[in-house]
Amino acid sequence: MSNTEQAPEKMQCAARPGNAAVEIITSREVPLGGPRAMPVRRTLPQRKRSLIGAWCFVDHYGPDDVSVTGGMDVAPHPHTGLQTVSWLFEGEISHHDSGDHHGTVRPGELNLMTSGAGIAHSEVSTPETTTLHGVQLWLALPDSARSTAPRNFEHYAPPLREVEGGQVLVFLGELAGEHSPVETFSPLVGAELRIAPGQTMALGVNPEFEHGLLVDAGEVELEGVAVQRAELAYTGLGAEVLHVYNGGQDTARCLLIGGEPFGEEILMWWNFVGRTDDEIREFRQQWQDRTERFGQVPEYVGHGGPGRNSEGMSWLPAPTLPNATIRARRNPDPVARPENGDGS
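Throughout this document, residue positions are counted from 1 along each chain, in the order its sequence is written. Only residues with pLDDT of at least 70 get local features here, since the model is predicted, and only at 80 or more are side-chain atom pairs given and counted; chain-wide, interface and lining totals rely on the full set of residues. The side-chain quantities take in all heavy atoms of the structure and omit both hydrogens and water.

K.L.:
I tried to follow the overall build of the protein chain on my own but got confused; where do I start?
P.N.:
Strands are runs of DSSP state E lasting at least two residues, helices are runs of H or I lasting at least four, and both sets are numbered from the N terminus onward. Check the secondary structure of the protein chain and you find two helices and 28 strands. Computed over its C-alpha atoms, the radius of gyration of the protein chain comes to 19 Å, within 12% of the 20 Å expected for a compact globule of 344 residues. Judged by the C-alpha coordinates and their principal axes, the protein chain covers about 55 × 45 × 35 Å. In what follows, residue pairs with any heavy atoms lying within 4.5 Å of each other are defined as contacts. Sequence separation of 24 or more characterises 73% of the internal contacts of the protein chain that already satisfy a separation of 6 or more. Each accessible area is a Shrake-Rupley result for a 1.4 Å probe, and residues are judged covered by the shown protein chains and nothing else. Summing over all exposed atoms, the protein chain offers an accessible surface of approximately 13,700 Å²; the carbon and sulfur share of this is 46%. Within these notes, the globule rule equals 2.2 Å times the number of residues to the 0.38 power, and the radius of gyration is based on C-alpha atoms.

K.L.:
What's the story with the UniProt feature "binding site: Fe cation" (unreviewed entry) in the protein chain in this structure? I'm lost.
P.N.:
UniProt positions are given in the numbering used here, feature names are shortened, and annotations may be inferred rather than shown by experiment. Under the UniProt annotation, "binding site: Fe cation" (unreviewed entry) lies at His77, His79, His121 and Glu123. Spanning 47 residues, the annotated positions come together in the fold, the maximum distance between their C-alpha atoms being 13.1 Å. Counting through the fold element by element, histidine 77 comes out in strand β5 (residues 73-79). Contacts described as polar in this section are N or O atom pairs within 3.5 Å, which, within protein, must combine one atom able to donate a hydrogen with one able to accept it, while residues neighboring in sequence count only if both atoms come from side chains. At 2.9 Å, the side chain of histidine 77 and the backbone oxygen of alanine 75 are in polar contact. Looking at the secondary structure, you find histidine 79 in strand β5. Each residue is assigned to one of three classes by its accessible area relative to the maximum for its type, calculated with a 1.4 Å probe on protein chains only: buried under 20%, partly exposed between the two thresholds, exposed over 50%. Overall, histidine 79 belongs to the buried group, its relative accessible area being 0%.

K.L.:
Please clarify how the sheet that holds strand β24 (residues 252-259) should be interpreted in this entry.
P.N.:
Note on sheets: strands pair through backbone hydrogen bonds, and any given pair is parallel or antiparallel. Read across the open sheet, the seven strands follow the order β1-β22-β19-β24-β17-β14-β13; overall the sheet is antiparallel. Each edge of the open sheet is held by one strand with a lone partner, namely β1 (23-25) and β13 (161-163). In this sheet, adjacent strand axes meet at a mean angle of 25 degrees when their direction is disregarded. Strand pairing is assigned whenever DSSP detects at least two bridges linking the two strands. Where β13 and strand β14 (residues 166-172) come together, three bridges link them in antiparallel fashion. Bridge pairing in β14 places arginine 161 opposite valine 168. Note on geometry: axes are lines fitted to C-alpha atoms, helical ones only across the stretch in contact, with angles between N-to-C directions running from 0 to 180 degrees.

K.L.:
Which parts of the structure should I look at to understand the pattern of salt bridges?
P.N.:
Oppositely charged side chains are able to pair whenever their charged atoms sit close together. Any Lys or Arg side-chain nitrogen located within 4 Å of an Asp or Glu carboxyl oxygen qualifies as a salt bridge. Under the definition given, this model contains twelve salt bridges. For aspartate 59, the salt bridge identified is with arginine 42, shortest N-O distance 2.6 Å. Here aspartate 59, found in strand β4 (residues 55-65), pairs with arginine 42, found in strand β3 (residues 39-44); they are 17 residues apart in sequence, far enough to count as distant. Residue classification places aspartate 59 among the buried positions, given a relative accessible area of 1%. The exposure class assigned to arginine 42 is buried, which follows from its relative accessible area of 2%. The partner of arginine 146 in a salt bridge is glutamate 279, and the shortest N-O contact between them spans 2.8 Å. With arginine 146 in the loop between β11 (131-140) and β12 (152-156) and glutamate 279 in helix α2 (residues 277-288), the pair connects residues that are 133 residues apart, well separated along the chain.

K.L.:
What's the story with the nonpolar core in this structure? I'm lost.
P.N.:
One recurring pattern in soluble globular proteins is that nonpolar side chains are buried together. In this text, buried Ala, Val, Leu, Ile, Met, Phe, Trp, Tyr and Cys residues form a nonpolar core when linked through side-chain atoms within 4.5 Å. Counting 36 residues, the largest nonpolar core has Trp55, Val85, Leu110 and Leu172 as its most contacted members. Secondary structure elements with two or more residues in this core: β4, β6 (82-90), β9 (110-114), β11, β14, β22 (232-235) and β24. Counting residues per element, this core draws most heavily on β11, at five residues. Setting aside residues up to four positions removed in sequence, leucine 172 forms contacts with Trp55, Val85, Leu110, Leu112, Leu139, Ser180, Val182, Thr184, Leu188, Val189 and Gly190. Of all hydrophobic cores here, the second largest spans 29 residues; its members include Leu32, Ala75, Leu88 and Ile280.

K.L.:
Sorry, what's going on with the sheet that holds β11 here?
P.N.:
Read from one edge of the open sheet, seven strands run β2-β3-β4-β11-β6-β9-β12, paired in antiparallel fashion. With partners counted over all chains shown, the strands left at the sheet margins are β2 (28-31) and β12, one partner each. Going from strand to strand, the sheet's axes swing by 25 degrees on average, the running direction of each strand aside. In this structure, β2 lies alongside β3, joined through four bridges in antiparallel fashion.

This is the structure:
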């Protein structure tokens, strides 16, 4: 769940004339929960683009055979200043947090956890899960809410909406005539798209939003630009309609995220979202000291038994802090840069 790497590779492609420009953000593979944990493909954050609206973190994983990978077994760990968004395509995950919430994450059902000033939680694939496949995302809380929003956990199973070219599941915000009742603290959207073979899905979107399209499966083009599996295609402000084409013989599946440009510089380190180096250092020390800022997760049962993960750990200690001051990454303007391959 950390953000310690510096410079993932990025590939840019030009859009067809007359359509919205598209910037392709490639993924990098990182272990989730430790060096022996399951691998995930991370597209946000990175040096070249840190946020899309309030969306500040995107991990895509699977489909994984849990008999080979061991599945997900993330022992209790902390968060500050964010909401976690869990969305599955296959398998199930058991969630416990220090706000005394328990939930089972299932395919096509949103689970959203609000950290407020601090929370701890665990994530463990269930014993019945044989294949694990999904996405984990974070939303940065604005300064007005990050210390006052209570620890919370919400569940929502959106209806499957038929649209021209396929189907959509709108789990946050509003799209295609569907509206999610789940509370967020910034204007945004999150939806799963299922595009039929050979079809184009034309989606009316908010022109005041920037958007990202994550491809999970299929031969997908966004505004005429090919987007490979596990890539995140970015479009800036101004688009009123986005065209997603599936050139394959099977149904394509994508995740659309977007929102108003966040407008605040954030500092991300490990599982913390803050604003200053001093804050991050204080968060880390308070977690290491197991203070009430984050609380406890007594219900955690990992693959190693009650209170333990498969490596025998009962909680995840924070990494060592760098000697240098941790600084925020300035996010580029909300304009796609299809021809700027070096990200400068």
